[in-house]
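Residue-level structural notes
The lines below spell out each chain.
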Amino acid sequence: MPSSQSPIIDVSHLSATLGERQVLTDVSFRVYPNQVTVILGSSGCGKTTVLKHLIGLYPIRSGQVRIMQQELAALDEPQKQQLSLKMGVLFQNGALLNSITVAENVAIPLEQHTDLPPDVIQDLVRLKLKLVELEHAAHLLPSELSGGMRKRAALARAIALDPPLLFCDEPSAGLDPITMAALDELILNLKHQLGMTIVLITHEVPSIFRLADRIIFLDAGRVVFEGTLQEGLQSGIARIEEFFRKGKGEGMPTRS
Ligand SMILES: Nc1ncnc2c1ncn2[C@@H]1O[C@H](COP(=O)(O)OP(=O)(O)OP(=O)(O)O)[C@@H](O)[C@H]1O
Ligand SMILES: [Mg+2]
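Residues numbered from 1 in each chain as written. Chains lettered and ligands numbered in written order. Predicted model: local features only at pLDDT ≥ 70, side-chain atom pairs only at ≥ 80, totals over all residues. Heavy atoms only, no water.

For the rest of this paragraph, the subject is the overall build of the chain. Within the chain one finds nine helices and ten strands. Radius of gyration (C-alpha) of the chain: 18 Å, near the 18 Å computed for a compact globule of 256 residues. Expressed as lengths along the three principal axes of its C-alpha atoms, the size of the chain is roughly 55 × 45 × 40 Å. For the chain, with 256 residues in total, the buried portion stands at 48%. Put simply, of all contacts in the chain between residues at least 6 apart along the chain, 67% involve residues at least 24 apart. About 12200 Å² of surface is accessible on the chain, with carbon and sulfur atoms providing 51% of the total. Looking at the chain, you have 24 positive and 28 negative side-chain charges, and the mean spots of the two groups are 4 Å apart. (Helix = DSSP H or I, 4+ residues; strand = E, 2+ residues; numbered from the N terminus. Rg over C-alpha atoms; globule rule 2.2 N^0.38 Å. Buried < 20%, exposed > 50% of the residue type's maximum accessible area, 1.4 Å probe, protein only. Contact = heavy atoms within 4.5 Å. Areas by Shrake-Rupley, 256 points an atom, 1.4 Å probe, with all protein chains shown as cover. Lys, Arg positive; Asp, Glu negative; His and termini not counted. Charge placed at Lys NZ, Arg CZ, Asp CG, Glu CD.)

As for its position among the elements, Gln35 is in the loop between strand E2 (21–31) and strand E3 (36–40). C-alpha separation for the pair Gln35 and Leu211, spaced 176 residues apart in sequence, amounts to 9.0 Å.

Attention shifts here to the side chain of Ser15. With respect to the helices and strands, the residue Ser15 is situated in strand E1 (residues 9–18). With a relative accessible area of 17%, Ser15 lands in the buried category. Within the structure, the side chain of Ser15 is placed 2.9 Å from the backbone nitrogen of Asp26, a separation counted as a polar contact. When near neighbours in sequence (up to four residues on either side) are disregarded, Ser15 contacts Gln22, Leu24, Thr25, Asp26 and Ser62. (Polar contact = N/O pair within 3.5 Å; in protein donor to acceptor, adjacent residues only side chain to side chain.)

Within the structure shown, the criterion is met by three aromatic pairs. Judged by centre distance (5.7 Å) and plane angle (70 degrees), the rings of Phe209 and Phe244 are edge-to-face. Note that Phe209 is positioned in helix H7 (residues 205–211) and Phe244 in helix H9 (residues 238–246), a separation of 35 residues in sequence. Arranged with centres 5.6 Å apart and planes meeting at 90 degrees, the rings of Phe217 and Phe243 form a pair that is edge-to-face. Within this pair, whereas Phe217 is found in strand E9 (residues 214–219), its partner Phe243 is found in helix H9, the two being separated by 26 residues in sequence. Taken together through their ring pairs, the aromatic side chains of Phe209, Phe217, Phe243 and Phe244 make up a single cluster. (Phe/Tyr/Trp six-rings, centres within 6.5 Å; stacked < 30°, edge-to-face > 60°.)

Below, the discussion takes up the site of ligand 1. In the neighbourhood of ligand 1, 16 residues make up the surrounding shell, with Ser43, Gly44, Lys47, Thr48 and Thr49 lying closest. The separation between an oxygen atom of ligand 1 and a polar side-chain atom of Thr48 is 2.8 Å. Compared with its free state, where it exposes 640 Å², ligand 1 has 68% of that area covered by protein. Mapped onto the shell around ligand 1, the elements with two or more residues apiece are E2 and helix H1 (47–54). Top element by residues in the shell around ligand 1 is H1. It accounts for three residues. In terms of residue class, the shell around ligand 1 is built from four nonpolar, eight polar and four charged. (Near = heavy atom within 4 Å. Nonpolar A, V, L, I, M, F, W, Y, C, P; charged D, E, K, R; others polar.)

Taken in spatial order, the six strands make up an open sheet running E6-E7-E8-E3-E9-E10, and their pairing is mixed. Taken across any chain shown, the strands that pair with only one partner, and hence form the sheet edges, are strand E6 (87–90) and strand E10 (222–228). Strand-to-strand twist of the sheet, defined as the mean angle between neighbouring strand axes without regard to direction, takes the value 15 degrees. Of the strand pairs in this sheet, E3 and E9 are connected by four bridges, and their pairing is parallel. (Pairing = 2+ DSSP bridges. Axes fitted to C-alpha atoms, helices over the stretch in contact; angles between N-to-C directions.)

Shown next as structure tokens:
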């Protein structure tokens, strides 16, 4: 049971102001190991901002964030670097470098952060591409891939260093339902086969049902619910009911 396990991420009273705006207010939640935790809520509610605090892109100015028992605000640069190697990130746009092949993209973290010889790196890249079912596309340029393939290539790069923690910000944005389901399947495999802990931001209700062990529901920068998906659905919280009824967050911009 989650409550008896120690969390891999523990956020307490995180508040954040960006520019003039208070974007997060007293945000507290936990993420437990080997689970998929989905952060959800309407567009602009602060999901990506939470993620950016967790991965160290924004400094913690108010409140506390502990990841793998380490207090983020207390880490020096080398310690932050060390921790960031344990966290894979698939960004909202899944940006790959366009001038190099898929295999070269996946090799980048291995070349930058390990002393492994080139042939071992090649083997690891092949293994990761196999995991996302892209072995056949290793030699292609990102521009030669479909949207779904590009997401999978970015996923292979995000897990190149076998991070125990993986963050995905709307990995399925812009994908058709079948491609989306296949990507969800891959994410589930990472949890089951590699024991990864996954923090997923998504608006996609079918993905939430397929993947979520727990949900964190944000509204206007505050956590309105934290618990299992089932508990969330039965919570009687109007914002949650509305979210699931409409299938998408309110005011969702269309993405390409
Ligand atoms: N750098 C910034 N400076 C000022 N305001 C910002 C900045 N980044 C985000 N915001 C504001 O913070 C709020 C939350 O943004 P965030 O990107 O976290 O939303 P989100 O929940 O990820 O939305 P979406 O579902 O559309 O991706 C928004 O109102 C946004 O305008
Ligand atoms: Mg976002």
